[in-house]
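# Notes for the structure review
Each chain is listed here by its residues.
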Amino acid sequence: EDQVTQSPEALRLQEGESSSLNCSYTVSGLRGLFWYRQDPGKGPEFLFTLYSAGEEKEKERLKATLTKKESFLHITAPKPEDSATYLCAVQVAGYALNFGKGTSLLVTP
Amino acid sequence: SAVISQKPSRDICQRGTSLTIQCQVDSQVTMMFWYRQQPGQSLTLIATANQGSEATYESGFVIDKFPISRPNLTFSTLTVSNMSPEDSSIYLCSVARESREEQYFGPGTRLTVT
């Protein structure tokens, strides 16, 4: 059975304290791995898509990487506005996205 | 990206009633989807809304409980039928141009069933 596990469940950082969020997956035939950001009361906001091991993508303070078993979302020098829940999803066949439960990030001033 | 709106944004409904949620996109899209996000759980795909034909449902979801319409390339509805408290959740629509591309999500509809 395809599984997506995100860790940690919750993370508290001080402003400027860099860290990484993990998304590990066990799927057969990964078509793509997606990262989303979700603020309270809102729908998920698309961040990145990664298609193959070794691929990396960056956007402002965020950098996503992919290996054959996991993906990392690195957050460099985070700011309070980076506080949100970060969701990882894998796509195996067709169109369905299989989501993890997310990592709730809180960045304090 | 696409601008997606959902109506209503939230509702409180009584057990046994039905609620229809609307999803409107600002441009034509190939694929539209409906998800459920229950407290403490992962986002789960309910079905793919197909234009001009019956929706494609994921395992565990059935048409009698979640009828879906998609009359054109910019609009879809999801009905939650004969509701019970277990249906209390956030319901989200999403869109994509092609199956392998990223999906963009609407703001969600927060449903509480009493």
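Below is a summary of the structure that appears in this document. (Residues numbered from 1 in each chain as written. Chains lettered and ligands numbered in written order. Predicted model: local features only at pLDDT ≥ 70, side-chain atom pairs only at ≥ 80, totals over all residues. Heavy atoms only, no water.)

## Examining the packing of aromatic side chains
All names here are of chain B. Tallied over the full model, the rule gives nine aromatic pairs over all chains. Measuring from ring centre to ring centre gives 5.7 Å for Phe 61 and Phe 66, while their planes differ by 65 degrees; the resulting arrangement is edge-to-face. Accessibility classification places Phe 61 together with Phe 66 in one group, the buried group. (Phe/Tyr/Trp six-rings, centres within 6.5 Å; stacked < 30°, edge-to-face > 60°. Buried < 20%, exposed > 50% of the residue type's maximum accessible area, 1.4 Å probe, protein only.)

## With respect to the state of the cysteines
Here, disulfide denotes a covalent bond that connects the sulfur atoms of two cysteines. What the rule picks out here adds up to two disulfides over all chains. The partner cysteine of Cys 23 of chain A in its disulfide is Cys 88 of chain A, sulfur to sulfur 1.9 Å. An S-S torsion of about -55 degrees defines the bridge between Cys 23 of chain A and Cys 88 of chain A as left-handed. Taken as a pair, Cys 23 of chain A in strand β3 (residues 19-26) and Cys 88 of chain A in strand β9 (residues 84-91) lie far apart in primary sequence, 65 residues in all. Judged by its relative accessible area of 0%, Cys 23 of chain A falls in the buried class. Here Cys 23 of chain B is linked by a disulfide to Cys 93 of chain B, with a sulfur-sulfur distance of 2.0 Å. The chirality of the disulfide connecting Cys 23 of chain B with Cys 93 of chain B is right-handed, given an S-S dihedral of about 65 degrees. Residue Cys 23 of chain B is found in strand β3 (residues 19-25), and its partner Cys 93 of chain B is found in strand β9 (residues 89-96); the two are separated by 70 residues along the sequence. By relative accessible area, Cys 23 of chain B is classed as buried at 0%. Judged by relative accessible area, Cys 93 of chain B falls into the buried class, the value being 1%. (Disulfide = S-S within 2.5 Å. Helix = DSSP H or I, 4+ residues; strand = E, 2+ residues; numbered from the N terminus.)

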